[in-house]
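Single-letter residue listing:
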Amino acid sequence: MKETKRVFPESELIINNDGSCFHLHLKPEQLADKVILVGDPERVNTVAAHFDTKECEVQSREFHAITGTYKGKRITVQSHGIGCDNIDIVVNELDTLANIDYGTREERDEHRTLTMVRIGTCGGLQPFTPTGSFVASVKSIGFDGLLNYYAGRNEVCDLQLEEVFKNHMKWNPIKGAPYVAVADADLINQIAADDMVKGYTVSCGGFYGPQGRVLRADIADPEQNKKIEAFEYEGMKICNFEMESSALAGMASLLGHRAMTCCMVIANRYTTEMNTEYKNSIDTLIQKVLDRI
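Notes on the structure follow. Bear in mind the structure is a predicted one, so any value in this text is a computation, not a measurement. (Residues numbered from 1 in each chain as written. Predicted model: local features only at pLDDT ≥ 70, side-chain atom pairs only at ≥ 80, totals over all residues. Heavy atoms only, no water.)

## Topic: the overall build of the chain
When helices and strands are counted, the chain shows eight helices and 14 strands. Here the C-alpha radius of gyration of the chain, 19 Å, is about what a compact globule of 293 residues would show, namely 19 Å. Each of the 293 residues in the chain was classed as buried or not, and the buried ones make up 53%. Within the chain, residue pairs in contact and separated by at least 24 positions form 75% of the contacts whose partners lie at least 6 positions apart. Here the chain displays about 13,600 Å² of accessible surface, and carbon together with sulfur accounts for 49% of that area. (Helix = DSSP H or I, 4+ residues; strand = E, 2+ residues; numbered from the N terminus. Rg over C-alpha atoms; globule rule 2.2 N^0.38 Å. Buried < 20%, exposed > 50% of the residue type's maximum accessible area, 1.4 Å probe, protein only. Contact = heavy atoms within 4.5 Å. Areas by Shrake-Rupley, 256 points an atom, 1.4 Å probe, with all protein chains shown as cover.)

## A short note on the packing of aromatic side chains
Here a ring pair, both rings aromatic, is described through the centre-centre distance and the interplanar angle of the planes. Applying the stated criterion across every chain, the model contains five aromatic pairs. Here F143 and F165 contribute two aromatic rings whose centre-to-centre distance is 6.1 Å and whose plane-to-plane angle is 40 degrees, an arrangement assigned as tilted. In this pair, F143 sits in the loop between strand 8 (134-142) and helix 3 (153-156) while F165 sits in helix 4 (residues 159-169), placing the two residues 22 residues apart along the sequence. For F143, a relative accessible area of 15% corresponds to the buried category. For F165, a relative accessible area of 1% translates into the label buried. Taking 5.3 Å as the distance between ring centres and 85 degrees as the angle between the ring planes, the aromatic pair formed by F165 and F231 counts as edge-to-face. (Phe/Tyr/Trp six-rings, centres within 6.5 Å; stacked < 30°, edge-to-face > 60°.)

## Remarks on the layout of surface pockets
By volume, the largest pocket amounts to about 800 Å³. Around the largest pocket, the lining is made up of 28 residues, and of these F8, N92, D95, T96 and I100 lie nearest the centre. Taken together, the residues of the lining of the largest pocket break down into 10 nonpolar, six polar and 12 charged. I82, T121, F207, M243 and I266 are the residues nearest the centre of the second largest pocket, which is lined by 22 residues in total. Broken down by secondary-structure element, the contributors of at least two residues to the lining of the second largest pocket are strand 7 (115-124), strand 12 (236-242) and strand 13 (258-268). Per-element accounting of the lining of the second largest pocket gives the leading share, five residues, to strand 7. Classifying every residue of the lining of the second largest pocket gives nine nonpolar, seven polar and six charged. (1 Å grid on protein atoms, 1.4 Å probe; cavity = no way out; pocket = protein on both sides within 12 Å on 5 of 7 lines; lining within 4 Å. Points joined across faces, edges and corners; volume = space filled by probe spheres on them. Nonpolar A, V, L, I, M, F, W, Y, C, P; charged D, E, K, R; others polar.)

## Structural notes on the pattern of salt bridges
Two side chains with opposite charge may pair up if their charged atoms get near one another. Summed over all chains, the structure comprises 16 salt bridges. The shortest N-O distance in the salt bridge between E242 and R118 comes to 2.6 Å. Taken together, the positions of E242 in strand 12 and R118 in strand 7 put the pair 124 residues apart, joining distant regions of the chain. The class for E242 is buried, based on a relative accessible area of 3%. D221 is paired through a salt bridge with K227; the nearest N and O atoms lie 2.7 Å apart. Residue classification places D221 among the buried positions, given a relative accessible area of 19%. Each of K5, E106 and D109 takes part in one network of salt bridges that share partners. (Salt bridge = Lys/Arg side-chain N within 4 Å of Asp/Glu carboxyl O.)

## Considering the environment of C84
Tracing the backbone through its elements, the reader meets C84 in helix 2 (residues 84-99). Given a relative accessible area of 5%, C84 falls into the buried group. It is 13 Å that separates the C-alpha atoms of C84 and A181, two residues lying 97 residues apart in sequence.

Following this line, the structure appears as structure tokens:
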């Protein structure tokens, strides 16, 4: 007996009147198989400045996209804003564009796999990740809790690493359970090659307290960052803080896509250094990803 196709109602799959997805405003035919993700909508222009051709540009709120070609490769560059909650929107909607027929609202017969590489900025946590370093996130420890809302999270997470990390941190369960999302190993090797630092990343649910910054509000665990910096598992340390890599790796795995994050260190929390002029130098990382994706 033929399996009944899943049909997605209007309240779940929201399609705009022009046939585009709800938040991103992209149409299925505008999405390339290779996707570069950036946080800043303006950085989309920085990436697309390297394109040989541009076929479309779409912008809505913090979501800005340009699809074009680079050295014969069709690529979409899409901004996602800040935070894992935005990654939930972006990855889900990109997946619908690839794997749901917008005309019938039915799941497509053949799965289309996207390759997604996020180019971001981060805070280094080790002496070997000074400002200007490029870090590829092999596994990302999500403090945000996003993946815990999805069935199948255990199948795509490193459960042993989760337990070792929680024990090391003396994790307070009031924060919610951290999860460890695993980036696509082949994609890590393809993009990071031999000139990026490979390590673990902590994805935080905020920029200040969750990353151990103290301004006028004290934080619950003043020793958090020291414990994170000291953590080591299977010969690898936590190299950096950022705010999206766990959600990207986890959601991509759940939906059958290839994804990873690589970031330039713009602040080193270990040495208390900060480079506020990073926008002038991140183009080197952009060019590496464009050449290797």
